[in-house]
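What follows is the residue order along each chain.
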Amino acid sequence: PNPENKAMADRVSLSSMLAKSQQDLPARRMKDSYLEVHLPLGSEPQLREKYLTFHNTVRFGRILEDLDSLAVLISYSHTYNSALKRSPLSIVTALVDKIDMRHHVIYPDCDIKFSGRVTWVGRTSIEAKMHMSQYRDGAYAPVLDATFVMVARDPENKRAAFVNPLKADGPEEEKLLQEGEANKSRRVELSTASLLKVAPTDDERKIIHSLFLNTLDTNTVSFRSRVLPPNSVWMEDAKLKGLEICHPQERNIFNRIFGGFLMRKAYELGWANACSYGGCRPNLVAVDDILFQKPVEIGSLLLLSSQVCYTQGKYIQVRVHSEVFDPLTRQHNTTNVFHYTFISDRDVPNIIPKTYGESMLYLDGKRHFNQTVEP
């Protein structure tokens, strides 16, 4: 029999093992899901090839894939069923809440250590916090902190399933639980205040109006003739598009495309856009709010479009939108939106919106930027 079908049949048989409520599951501690993974780039040079960029640095897209896999493993550890000797659940990535870079450079010839654990749970969701550090000058130094939110599904990935409750040991863990709760409230708040649903604030309206006034042609006193201010770029001229054909090699156990692969592709396109916009090789400052709205099926055409949507000084805020196109039905479906903050080695031109829609993208970019850089 086909090994894939057998794997799926095994999973279906696990359905009867699912809890009917969260109370039926044993509470877990944070240390139960703690994992440490080593990536020996320093001591095993043959590993480097997969992680190297042309400029001899580490491909951040590959690190994104590793973080995604680690978050899944941490979630499986938290929901491990000792009688079954495995977790009966399917774990999928719901969103990347935040990735903060603590160090801009990742060296290709030094060992990397990933560690992480579950820091908050809902009824069917799990927050995993991870840290990555790199061995330099005799010690491990922090490179990044990441927060992912995972969702538990039944073994066939058809509906949500309950996860084990989480118990805090001591004040430090208590604080992590409270942060997880605050993160959840913040996400709910952001989605209800989204510019797709609610008008911009007074201050935001003033910003957009002054940008508009700056582009009016003083000679013609007409709303229609718009002039680009010095050292600026129209938003419509700061786009970059890409296409991926989703091959079976990139699939997960549910025959869908692996979330880490999507993140890597979107990151690479966003980086290329920031690179051409700023005229140099930009560094990543943060990844914010990657939302996985729909799974991507194998064989689909994945259309990626990136847009520089906000700039300030040396910073470039890029939004990447990914959608699946089914050539037979000619239907487009948004699967993800990604937000990246880059920094250049020099001041970059100002990005200027022309239409109302672009102005909303600009404000959305500004909100993400402020959340990432200013707190």
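Everything quoted here is computed from the prediction, not taken from an experiment.

Parameters and conventions
- Residues numbered from 1 in each chain as written.
- Predicted model: local features only at pLDDT ≥ 70, side-chain atom pairs only at ≥ 80, totals over all residues.
- Heavy atoms only, no water.
- Helix = DSSP H or I, 4+ residues; strand = E, 2+ residues; numbered from the N terminus.
- Rg over C-alpha atoms; globule rule 2.2 N^0.38 Å.
- Contact = heavy atoms within 4.5 Å.
- pLDDT = per-residue confidence, 0-100.
- Phe/Tyr/Trp six-rings, centres within 6.5 Å; stacked < 30°, edge-to-face > 60°.
- Buried < 20%, exposed > 50% of the residue type's maximum accessible area, 1.4 Å probe, protein only.

**Quick word on the overall build of the chain**
Okay, so step 1: Looking only at helices and strands, the chain has six helices and 14 strands in total.
Okay, so step 2: In terms of C-alpha radius of gyration, the chain reaches 22 Å, essentially the compact-globule figure of 21 Å for 375 residues.
Okay, so step 3: Dimensions of the chain along its principal axes, counting C-alpha atoms only, are 80 × 50 × 50 Å.
Okay, so step 4: Sequence separation of 24 or more characterises 74% of the internal contacts of the chain that already satisfy a separation of 6 or more.

**Quick notes on the confidence of the model for the chain**
Where the model shows low pLDDT, its predicted coordinates should not be examined in detail.
Okay, so step 1: When pLDDT is averaged across the chain, the result is 87; 91% of the residues are at 70 or more.
Okay, so step 2: Looking over the chain, one finds the lowest element-wise mean pLDDT in helix α1 (residues 3-13), namely 64, and the highest in strand β14 (residues 350-352), namely 97.

**Thoughts on the packing of aromatic side chains**
Okay, so step 1: Enumeration according to the criterion identifies nine aromatic pairs in this entry.
Okay, so step 2: Taken together, a centroid distance of 6.1 Å and an interplanar angle of 40° make the contact between Y267 and F342 tilted. In this pair, Y267 sits in helix α5 (residues 259-278) while F342 sits in strand β13 (residues 331-343), placing the two residues 75 residues apart along the sequence. The exposure classification of Y267 matches that of F342, with both residues buried.
Okay, so step 3: Taking 6.2 Å as the distance between ring centres and 5° as the angle between the ring planes, the aromatic pair formed by F338 and Y340 counts as stacked. For the pair F338 and Y340, a shared accessibility class is recorded, and that class is buried.
Okay, so step 4: Ring pairs connect the aromatic residues F60, Y267, F338, Y340 and F342, which therefore count as one cluster.

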